[in-house]
Amino acid sequence: MKTQTPRRSELLMPAGSLERLRIAVQYGADAVYLGTPDMSLRTKSKFSLEDVKTGIAHAHAHGVRVYLTLNLFTHNKDIAKLADYVQVLREMRPDGVIVADPGVFRYLRKHAPELSLHVSTQANVCSWLTVDYWKEEGAELVVLAREVSFAELAEIREHCPDIRLETFVHGAMCMTYSGRCLLSNYLAERGANQGNCANSCRWMYKLHLRLKDGTSQEIELNEHTSELFEFLLEEGVRPGEFMALEEDMRGSYILNSKDMCLMPKLDQLLEIGVDSLKVEGRNKSAYYVASVTRAYRRAIDAWYRDPEGWSPEPFMAELEGATNRGFTLGFHEGRLKNHAHNYDHTRSTAPWEYAAMVGEVRDDGLVLNVKNRIDAGDVLEFLPPDPKLETVLLRLYAFEIDGEGETMDVVHGSLGHRVFVPWSAFDREDPEAIRKAFPPMTIVRKEAMLPEDDWARIRLDKTAQKIELGENGREKAYRRQVKALQETISDEAVAQRAHSSRTGVERCCGRGCNGCLMFWNDPEYARAREVLAARKHGELLERDGRSAAE
């Protein structure tokens with residue numbers, strides 16, 4: 001009997017603006033999803049209706065599908081908008097409309113029967129019975145809830161072979177049931193289910209005592225008092241079972257989930273033929289969209305070429321370059337464990353940051369639209385949209401301002417600087433290949449100058465991820481790294497840290513890292529700078545440059 005080839009999975013990327021849509025298309029998305037602020041769950045969407053029309057035309061011209069979000073939960077005030085909005089949808093003819101509200105779903109079935117309807121993750125579909133229900137109602141695709149485990153997903157696929165299934169593989173995780181949250185409503189009067197979440201689960205919380213006279217007082221935790229208190233919760237029907245509520249000098253982040261990342265398990269999803277692999281992030285940057293699209297595009301293509309020899313490691317390294325809160329498998333294996341949360345550090349961070357975008361390609365070179373601060377000596381990494389090509393490193397020692405003839409040592413995105421880079425600057429690369437590799441809207445990144453607490457968080461995240469993936473013997477390292485992170489973000493350590501990382505790293509390695517003024521300006525490193533200038537762009541010295549100078 002001939003084995004049936006599983007259906008090929010599409011890569012579905014977020015598009016929070018027309019620019020990000022074009023970048024997702026250029027970097028290899030099979031489909032994009034987007035919405036306007038008034039009728040989707042993203043009030044910060046940068047799309048006007050004209051932008052949506054332009055975006056659909058651009059995507060379709062490149063063979064990319066477009067799904068529009070109509071996934072708000074309607075209140076009475078929203079119903080009057082539906083008729084006009086649906087008429088616009090019929091004119092634009094997207095490849096699918098994502099809906100959460102059953103009333104909106106039925107309205108579309110009645111008034112726009114030609115539209116393909118997708119059931120949003122906000123509908124909380126967790127079983128094959130519910131998938132089958134939506135299929136009978138006329139849905140062509142169902143987005144499964146993030147709470148669905150892989151075992152459940154495989155069972156749903158087996159029971160429901162005749163409807164397309166979509167699952168999230170990457171992005172931020174809510175601390176609620178697929179986004180059904182009221183924290184934001186209560187604390188900030190911003191409706192999470194109306195697309196205006198205040199991210200209250202990411203805030204820092206402190207404990208206070210209310211005294212008998214009606215006043216309240218913060219419980220100050222410091223090195224003198226932290227051992228005097230222990231805060232415990234007792235659930236009503238479990239008397240005597242006390243659950244610790246931990247807080248330190250910085251407060252408590254009890255609701256802060258890491259970001260979902262199923263790259264380590266991507267082969268399982270591809271093997272059972274999940275139709276659409278979705279990445280969260282319509283409010284993320286163009287750099288985030290490009291780097292994450294590129295990583296998953298390369299990973300998916302590599303699996304289809306050689307399923308047996310596929311490994312997630314090289315693609316994880318790419319994903320770690322985009323800002324994140326640390327990665328977790330979420331509910332893929334079933335229940336969440338404590339390693340899925342960050343209790344001490346909520347900031348999104350990454351060892352790389354957005355530097356520039358290729359704005360123009362000319363016969364003699366290219367022009368970079370600067371997006372961040374770039375210093376002389378920084379290594380720029382060009383991310384080619386073609387997934388078959390490797391990244392290219394370039395170190396610039398001065399910046400020629402396009403059209404002005406002026407040379408600068410530092411350029412800034414906030415000042416709108418445009419930098420001309422001649423093809424001759426890529427003197428260690430094939431000139432013809434370089435010209436073809438970097439079309440307009442190519443993303444350029446640079447190493448981020450991170451403080452020690454961010455590096456401690458990154459090391460802790462990697463250890464936690466290895467534990468989630470089943471590596472034994474790492475719990476001691478995990479606890480040790482938790483303590484190290486807590487020490488680096490203590491009040492005393494933060495007070496002593498330089499306010500600008502541009503004064504050099506706290507322990508300069510002397511090998512020529514990005515933006516390290518200790519290396520690029522200190523006379524002791526003069527000879528080391530000469531050695532580095534003769535090397536391929538982006539290479540570092542093998543040892544401390546002070547030794548090279550002797």
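This text follows the structure it describes.
This is a predicted model, so every value here is computed, not measured.

Draft legend 1. Focus on the overall build of the chain. Looking only at helices and strands, the chain features 17 helices and 24 strands. Once local pairs closer than 6 in sequence are excluded, the contacts in the chain between residues at least 24 apart make up 68%. For the chain, the computed accessible surface area is about 26,900 Å², with 50% contributed by carbon and sulfur atoms.

Draft legend 2. Looking closely at empty space enclosed by the protein. Counted by the stated rule, this structure contains two cavities of 30 Å³ or more. In this structure, the largest cavity encloses a volume near 130 Å³. If you trace the largest cavity, you find 16 residues lining it, with Arg146, Val148, Thr167, Phe168 and Leu262 closest to the centre. Put simply, the parts of the chain that give the lining of the largest cavity at least two residues each are helix H6 (150-159) and strand S7 (164-171). Within the lining of the largest cavity, the residues separate by chemical class into eleven nonpolar, four polar and one charged.

Draft legend 3. Region of the structure containing the nonpolar core. Counting 90 residues, the largest nonpolar core has Leu108, Met263, Tyr296 and Ile443 as its most contacted members. If we skip the residues at most four places from it in the chain, Tyr296 touches Leu11, Val169, His170, Cys261, Leu262, Met263, Leu266, Val279 and Leu319.

Draft legend 4. Examining the sheet that holds strand S24 (residues 443-447) more closely. On the basis of which strands lie adjacent, the open sheet formed by eight strands has the order S19-S18-S24-S15-S16-S23-S20-S21 and antiparallel pairing. In this open sheet, the two strands that pair with only one neighbour each are strand S19 (392-395) and strand S21 (407-408). Inspection of the sheet shows strand S15 (residues 352-361) paired to S24 by five bridges, in the antiparallel sense. Looking across to S24, one finds that Tyr354 is bridged to Arg445. Contacts from helix H9 (residues 286-305) reach S15, strand S18 (379-383) and S24 within the one sheet, and its direction differs from that of S15 by about 95°.

Draft legend 5. Expanded view of the packing of aromatic side chains. Counting across every chain of the model gives nine aromatic pairs. Plain terms: the ring middles of Phe426 and Phe438 are 6.1 Å apart, the flat faces sit at 40° to each other, and that makes the pair tilted. Here the residue Phe426 occupies a position in the loop between strand S23 (418-422) and helix H11 (431-437), and Phe438 occupies one in the loop between H11 and S24, the gap between them amounting to twelve residues. Comparing Phe426 with Phe438, the two get one shared label, buried. Here the aromatic cluster, defined as three or more aromatic residues joined through ring pairs, consists of Phe382, Trp423, Phe426 and Phe438. Over the ring of Phe168 we find Arg146; its NZ or CZ atom is 3.8 Å from the centre of that ring. Over the face of the ring belonging to Trp352 we find Arg445, whose NZ or CZ atom lies 4.5 Å from the ring centre.

Rules and cut-offs
- Residues numbered from 1 in each chain as written.
- Predicted model: local features only at pLDDT ≥ 70, side-chain atom pairs only at ≥ 80, totals over all residues.
- Heavy atoms only, no water.
- Helix = DSSP H or I, 4+ residues; strand = E, 2+ residues; numbered from the N terminus.
- Contact = heavy atoms within 4.5 Å.
- Areas by Shrake-Rupley, 256 points an atom, 1.4 Å probe, with all protein chains shown as cover.
- 1 Å grid on protein atoms, 1.4 Å probe; cavity = no way out; pocket = protein on both sides within 12 Å on 5 of 7 lines; lining within 4 Å.
- Points joined across faces, edges and corners; volume = space filled by probe spheres on them.
- Nonpolar A, V, L, I, M, F, W, Y, C, P; charged D, E, K, R; others polar.
- Core = buried A, V, L, I, M, F, W, Y, C linked by side-chain atoms within 4.5 Å.
- Buried < 20%, exposed > 50% of the residue type's maximum accessible area, 1.4 Å probe, protein only.
- Pairing = 2+ DSSP bridges.
- Axes fitted to C-alpha atoms, helices over the stretch in contact; angles between N-to-C directions.
- Phe/Tyr/Trp six-rings, centres within 6.5 Å; stacked < 30°, edge-to-face > 60°.
- Lys NZ or Arg CZ within 6 Å of the ring centre and 35° of its normal.

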